[in-house]
Amino acid sequence: QVQLVESGGGLVQAGGSLRLSCAASGRTSNIYTMGWFRQAPGKEREFVAAITWNAGNTQYAESVKGRFTISRDKIMNTVNLQMSSLKPEDTAVYYCAATRRPGISITLAWYDYWGQGTQVTLSS
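To start, this report covers the structure provided alongside it. Please read these numbers as outputs of a predicted model, since none were measured by experiment. (Residues numbered from 1 in each chain as written. Predicted model: local features only at pLDDT ≥ 70, side-chain atom pairs only at ≥ 80, totals over all residues. Heavy atoms only, no water.)

### With respect to the overall build of the protein
Selection rule: Each helix is a run of DSSP H or I of at least 4 residues and each strand a run of E of at least 2, with the numbering of both proceeding from the N terminus. The globule rule used here is 2.2 Å times the number of residues to the 0.38 power, and the radius of gyration it is set against is calculated over C-alpha atoms. Residue contacts are defined here by distance: any two heavy atoms, one from each residue, within 4.5 Å place the two residues in contact. Note on areas: these come from Shrake-Rupley sampling with a 1.4 Å probe, and a residue is covered only by the protein chains present in the view. In this tally, Lys and Arg are treated as positive and Asp and Glu as negative; His is ignored, and so are the chain termini. Every charge is mapped to an atom, namely NZ of Lys, CZ of Arg, CG of Asp or CD of Glu.
A tally of regular secondary structure across the protein gives zero helices and eleven strands. Radius of gyration (C-alpha) of the protein: 13 Å, near the 14 Å computed for a compact globule of 124 residues. The C-alpha extent of the protein, read off along each of the three principal axes, is 40 × 25 × 25 Å. Within the protein, counting contacts between residues at least 6 apart in sequence, those at least 24 apart form 56% of the total. As presented, the protein carries roughly 6,300 Å² of accessible surface, and 48% of it is formed by carbon and sulfur atoms. Charged side chains in the protein number 12 positive and 8 negative. The centres of these two groups are separated by 6 Å.

Right, dumping it as structure tokens:
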């Protein structure tokens, strides 16, 4: 089993920045890819970004390209999401996810493990 714990959410003004972190524990040697998803009120959970653990290959949703950066710290077993130029539509609960499957997918079912989520709220 793998446990994921997110941190770093909060209230931020539009145009500002925020950094989310996800700490992985347990059988982390099984993890191939980690990612971030988000779910806004009344909407389905959607893919934000993902990174392969060993090679560091990344993929982003079109809506966040150029504004968000995903990175991983292999020593600390964390995955970070640096968010800049935030917009009101970025308001959501952000979830960390991990999978044992090779490759990156934007599909929720691809991911085996999920964190509890952290709230990000934008004020205009």
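### Some thoughts on the packing of aromatic side chains
Test applied: For this analysis, a ring pair means two rings from Phe, Tyr or Trp (six-membered ring only for Trp) whose centres lie within 6.5 Å, classed as stacked if their planes differ by under 30 degrees, edge-to-face if by over 60, and tilted for the remaining angles. For each residue, the accessible area found with a 1.4 Å probe, counting protein chains only, is set against the maximum for its type, and the residue is called buried under 20%, exposed over 50%, and partly exposed in between. Whether a charge lies above a ring is judged from NZ of Lys or CZ of Arg, which has to be within 6 Å of the ring centre and within 35 degrees of the ring normal.
All told, the structure shown has four aromatic pairs when counted by the stated rule. On the basis of an interplanar angle of 80° and a centroid distance of 5.6 Å, the ring pair of Phe 37 and Phe 47 is categorised as edge-to-face. One end of the pair, Phe 37, is in strand 4 (residues 33-39); the other, Phe 47, is in strand 5 (residues 46-52), with ten residues separating them in the sequence. For Phe 37, a relative accessible area of 0% puts it in the buried group. The buried category is assigned to Phe 47, whose relative accessible area is 9%. Put simply, the rings of Phe 37, Phe 47, Tyr 111 and Trp 114 pair up and form one aromatic cluster. Of note, Arg 45 hangs over the ring of Tyr 95, and the distance from its end group to the ring centre comes to 3.6 Å. Cation over ring: Arg 45 sits above Trp 114, and NZ or CZ is 5.0 Å from the ring centre.

### With respect to the nonpolar core
Here is the rule: What makes a nonpolar core is a set of buried Ala, Val, Leu, Ile, Met, Phe, Trp, Tyr and Cys residues whose side-chain atoms join them at distances within 4.5 Å.
Ranked by size, the top nonpolar core spans 36 residues in total, and within it Leu 4, Met 34, Trp 36, Leu 81, Met 83 and Tyr 94 carry the most contacts. Secondary structure elements with two or more residues in this core: strand 1 (2-7), strand 3 (18-26), strand 4, strand 5, strand 7 (68-73), strand 8 (78-83), strand 9 (92-99) and strand 11 (118-123). The contact partners of Leu 4, leaving out residues within four places of it in the chain, are Cys 22, Ala 23, Ala 24, Met 34, Cys 96, Ala 97, Ala 98, Tyr 113, Trp 114, Gly 115 and Gln 116.

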